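Structural overview for review
Residues per chain, in single letters:
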Amino acid sequence: LEGSRYYWLLMNNTVKPLDNVKVRQAIAHVINREAIVAGTFFGQATPLLGGVIPDWNWAYADLKAFDPKGNVEKAKALLAEAGHADGFETSMTMASSFPAMVAMAPILQANLASIGIKAEIKTMEIPRFWDEVWGPSAFDITTMYWVSPLADPDDFVYNNYATGTGINVQKSSSPAMDKILEEAKSATTVEARKEAYRKQQELSLEEMPIAPLVNAWLLIAHTEKLKNYKPMRTGFLTTWKDAWLEG
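Computed from a predicted model, the values in this text were never measured in an experiment.

Counted according to the given criterion, the structure contains 11 salt bridges. With a shortest N-O distance of 2.5 Å, Asp 62 and Lys 64 are connected by a salt bridge. Two residues, Arg 198 and Glu 202, come together in a salt bridge whose shortest N-O distance is 2.6 Å. A residue pair is termed a helical-turn pair when its members lie 3 or 4 positions apart in one helix, as Arg 198 and Glu 202 do in helix α8 (residues 190-207) at 4 residues. Judged by relative accessible area, which is 27%, Arg 198 ranks as partly exposed. Looking at Glu 202, the relative accessible area reads 30%, which means it is partly exposed. Each of the salt bridges in this network shares a partner with another, and the network as a whole consists of Glu 195, Arg 198 and Glu 202.

Examined bridge by bridge, strand β3 (residues 88-95) and strand β4 (residues 117-124) share 8 bridges and lie parallel to one another. Looking at β4, one finds that Ala 95 is bridged to Met 124. The parallel pair β3 and β4 is bridged by helix α4 (residues 99-113), and the resulting crossover is right-handed.

Another aspect to go through is α4. With 15 residues, α4 extends 22 Å from end C-alpha to end C-alpha; this agrees with the ideal 21 Å at 1.5 Å per step. Most pronounced at Ala 105, the bend in α4 amounts to some 30°, and the proline Pro 106 follows within four residues. Looking at α4, one finds that the buried residues are Ala 100, Met 101, Met 104, Ala 105, Ile 107, Leu 108, Asn 111 and Leu 112.

With that settled, consider the packing of helix α1 (residues 21-30) against helix α3 (residues 72-81). Where α1 contacts α3, the two axes come as close as 8 Å, and the packing angle between them is 170°. Classed by the angle they form, the pair α1 and α3 counts as roughly antiparallel. Two secondary-structure elements touch here, α1 through Lys 22, Val 23, Gln 25, Ala 26, His 29 and Val 30 and α3 through Val 72, Lys 74, Ala 75, Leu 78, Leu 79 and Glu 81. For the contact of α1 with α3, a count of residues per class yields 7 nonpolar, 2 polar and 3 charged.

This next bit is on unusual backbone geometry. Glycine aside, a negative phi is what most residues show, and trans is what most peptide bonds show. For the peptide bond that leads from Lys 16 to Pro 17, omega is 0°, which places it in the cis range. The topology assignment puts Pro 17 in the loop between β1 (2-11) and α1. For Asp 62, which is not glycine, the phi dihedral falls at a positive 55°. Within the secondary structure, Asp 62 sits in the loop between β2 (45-47) and α3. Unlike most non-glycine residues, Met 208 shows phi in positive territory, near 45°.

Two quantities define a packed helix pair, namely the angle between the axes and the distance from one axis to the other. In contact at an axis separation of 8 Å, α1 and α8 are set at 105° when each is read in the N-to-C sense. Relative to α8, α1 is oriented roughly perpendicular. Side by side, α1 and α8 meet where Val 21, Arg 24 and Gln 25 of the first sit next to Leu 205, Glu 206 and Glu 207 of the second. Split into classes, the residues belonging to the contact of α1 with α8 amount to 2 nonpolar, 1 polar and 3 charged.

What counts, and where the lines are drawn
Here the residue numbers are simple positions, counted from 1 along each chain's written sequence. Local features are withheld for residues below a pLDDT of 70 in this predicted model, meaning they are given only at 70 or higher, and side-chain atom pairs are given and counted only at 80 or more; totals for whole chains, interfaces and linings count all residues. Calculated side-chain values reflect all of the structure's heavy atoms, with hydrogen atoms and water omitted. Whenever a carboxyl oxygen of Asp or Glu lies within 4 Å of a side-chain nitrogen of Lys or Arg, that contact is scored as a salt bridge. The helix and strand labels rest on DSSP assignments: H or I over at least four residues marks a helix, E over at least two residues marks a strand, and numbering proceeds from the N terminus. We call a residue buried when its accessible area falls under 20% of the maximum for its residue type, exposed when it is over 50%, and partly exposed in between, using a 1.4 Å probe and counting protein chains only. At least two DSSP bridges between two strands are required for those strands to pair. Here is how to tell: hold the view so the strands point away, follow the path from the first strand over the helix to the second, and if it runs clockwise the crossover is right-handed. The span expected for a helix works out to 1.5 Å for each residue beyond the first. Working definition for bend: take the seven residues up to and ending at a residue and the seven starting at it, fit an axis to each, and measure the angle between the axes. Only the stretch in contact is used when a helix axis is fitted, and all axes are lines through C-alpha atoms; the angle between N-to-C directions ranges over 0 to 180 degrees. For this classification, under 35 degrees means roughly parallel, over 145 means roughly antiparallel, 65 to 115 means roughly perpendicular, and everything else is oblique. By the convention used here, residues are in contact when the closest approach between their heavy atoms is within 4.5 Å. Three classes are used, and their members are as follows: Ala, Val, Leu, Ile, Met, Phe, Trp, Tyr, Cys and Pro are nonpolar, Asp, Glu, Lys and Arg are charged, and the others, Gly among them, are polar.

Below is the structure:
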């Protein structure tokens, strides 16, 4: 079951040359998401090829911005437009307590190397990571995941893209993005909200403050004696109250 846990790549929007939107776009387009699905999640994830809202959600925009295998030529062209045709050196700091992030690091490193970006991999245990890397935004590149507790489209986008939130540690700030997010949150009809979230996702792929990676699946097994159990995409067990065991 495709869940509500998605992974994304954070590029510090205040650190050169990652402050250049063309550089961020190049990084987002060179990523081989199929390789991440295979090598990190053993096939149990879905590549995010457009916005971060998954296809099972009512606000899914069906945007196809990325090649699932990555597009090296497009990424090289974007990097050249940014004035970094020969690439540059940077670093990726990963939380070693999160196995998926450590597993995807060499895949991302190889993707970046294909366009001349030399990324040194650094790892740090999660208590220090929160204090020394995440909190003060002391990184060039890192990754993170988020589990939507309500499966409302706002859960997938607001905290990551709005200016000044605790999860926006890439320090992106866009008045246009903030405006659309507020419109999407406050619209009074589903149709109006869906349209606002479509515009938000389109803008996110232009400004590219973060790069969507994959949405992980939930692996659920239970005895056939369990009846009327309906798994939730959030992974929560609320529906246990409606289930029972037979025999």
